[in-house]
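Structural features, examined
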Amino acid sequence: MKVKKFQVNPFPVNTYVIYDENSKECAIIDPGCYWDEERKDMEKFIEDNDLKVKHLLHTHLHLDHILSTPYFSKKYNIPFAANKKDEFLLIDGPKQASQWGLKLEFQPIAIEKELNENDIFNIGDSKFIVKEVPGHSPGSVVFYDEKDGIIFTGDVLFNSSIGRTDLKGGNHQDLIDNIRNKILVLPEETVVYSGHGQETTIGYEKKFNPYLR
């Protein structure tokens, strides 16, 4: 499994294209592209590598992670996949944009495919399992690939930090409990790709993350 990271929008957010070199299947995770050149860069990467977009996945639905969801859903004719518990955030989208000083080029669209605990999706011969990890938002999920030893955590777990819990629907204790019970139990060598910042590993976070001691 190959991972291409794009840092996009003013925050910035990590948007990922994950792909299998043999089958050429790929998924887009958290399409937060804000500027047109960011979308074009992703499209060029997908085209240059002859990739077939199979999934449009979301770890959660805060606005900075979904700014180009309608665009890519239409372009590649694939359903918008997320956890329904975050659906209320779509309604709040225009308000969020105004609060953050962003101009919405695309209005949020409804969830077309639900992602729930223990759902599985495939990219080539790699199998990802969906784990619900609420706390940053009620519908936060992570995507874990045991074979390749990687996990995409969105804004649940960062390098030496955790997601904020002061936003609507957040709960600090839930977040801590879910990280410990669902993420830190994974093999220590598992590489963590988060929604912001640099990669880390489960082992590093168990030892050094000040929020998890």
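This structure is a prediction, so every number in the text was calculated from the model and none was measured.

Let us look at the side chain of Ser68. On the secondary structure map, Ser68 appears in the loop between strand E4 (52-57) and helix H2 (69-76). On the basis of relative accessibility, which here comes to 0%, the residue Ser68 falls in the buried class. In this structure the side chain of Ser68 is engaged in a polar contact, spanning 2.7 Å, whose partner is the backbone oxygen of Cys33. Beyond its immediate stretch of four places on either side in the chain, Ser68 contacts Pro31, Cys33, Arg39 and Phe106.

What follows is about the packing of aromatic side chains. Each aromatic ring pair is specified by the distance between its two centres and by the angle formed by the two planes. Counting across every chain of the model gives 14 aromatic pairs. Between Tyr19 and Phe45, the aromatic rings sit 5.6 Å apart at their centres with planes inclined by 70 degrees, giving edge-to-face as the arrangement. With Tyr19 in strand E2 (residues 13-19) and Phe45 in helix H1 (residues 36-48), this residue pair connects regions lying 26 residues apart in the sequence. The burial state of Tyr19 is the same as that of Phe45; both residues are buried. An aromatic cluster is built from Tyr16, Phe121, Phe128, Phe143, Phe152 and Tyr193, whose rings are joined through pairwise contacts. One residue, Lys4, lies across the ring of Phe6, its end atom 5.5 Å from the ring centre.

Take the pairing of E2 next. In terms of burial, E2 is largely enclosed, as seven of its seven residues are buried. By the alternation rule, side chains of E2 split into Val13, Thr15, Val17 and Tyr19 and Asn14, Tyr16 and Ile18, which are all buried. As judged from the seven bridges shared by strand E1 (residues 2-8) and E2, these two strands associate in the antiparallel manner. Bridge pairing in E2 links Lys4 to Val17. Hairpin connection from E1 to E2: four residues lie between these consecutive antiparallel strands, with Asn9 at a positive phi of about 60 degrees. Across four bridges, E2 lies against strand E3 (residues 25-29) in antiparallel orientation.

Moving on, we come to the pairing of strand E7 (residues 120-123). Residues of E7 alternate between two faces, with Phe121 and Ile123 buried on one and Ile120 and Asn122 left unburied on the opposite face. Bridge count for E7 against strand E8 (residues 126-132) is four bridges, and the pairing is antiparallel. Note on E8: the bridge partner recorded for Ile123 is Ser126. Counting the residues that bridge the hairpin from E7 to E8 gives two residues, and of these Gly124 lies at a positive phi of roughly 60 degrees.

Another point: the pattern of salt bridges. Tallied over the entire structure, the rule returns 15 salt bridges. Ionic pairing is found between Glu25 and Lys54, a salt bridge with its closest N-O pair at 3.5 Å. Taken as a pair, Glu25 in strand E3 and Lys54 in strand E4 lie far apart in primary sequence, 29 residues in all. When its relative accessible area of 36% is taken as the criterion, Lys54 is described as partly exposed. In this structure, Asp148 and Lys147 form a salt bridge, with 3.3 Å as the shortest nitrogen-oxygen distance. The class for Asp148 is partly exposed, based on a relative accessible area of 27%. Residue Lys147 is classed as exposed on the basis of its relative accessible area, which comes to 53%. Salt bridges here are not isolated pairs; linked through shared partners, they connect Asp36, Arg39 and Glu105.

Attention now moves to the sheet that holds strand E6 (residues 113-114). The strand order across the open sheet built from six strands is E1-E2-E3-E4-E5-E6, with neighbouring strands paired in mixed fashion. Single-partner strands in this sheet number two, and they are E1 and E6. The pairing of E4 with strand E5 (residues 80-82) spans two bridges and is classified as parallel. Paired with Leu56 across the bridge in E5 is Phe80. Each of E1, E2, E3 and E4 touches H1; the most contacted strand, E1, lies at about 165 degrees to it. The strands that H2 touches are E3, E4 and E5; relative to E4, the one it contacts most, it runs at about 150 degrees.

Parameters at a glance
Residues numbered from 1 in each chain as written. Predicted model: local features only at pLDDT ≥ 70, side-chain atom pairs only at ≥ 80, totals over all residues. Heavy atoms only, no water. Helix = DSSP H or I, 4+ residues; strand = E, 2+ residues; numbered from the N terminus. Buried < 20%, exposed > 50% of the residue type's maximum accessible area, 1.4 Å probe, protein only. Polar contact = N/O pair within 3.5 Å; in protein donor to acceptor, adjacent residues only side chain to side chain. Contact = heavy atoms within 4.5 Å. Phe/Tyr/Trp six-rings, centres within 6.5 Å; stacked < 30°, edge-to-face > 60°. Lys NZ or Arg CZ within 6 Å of the ring centre and 35° of its normal. Pairing = 2+ DSSP bridges. Salt bridge = Lys/Arg side-chain N within 4 Å of Asp/Glu carboxyl O. Axes fitted to C-alpha atoms, helices over the stretch in contact; angles between N-to-C directions.

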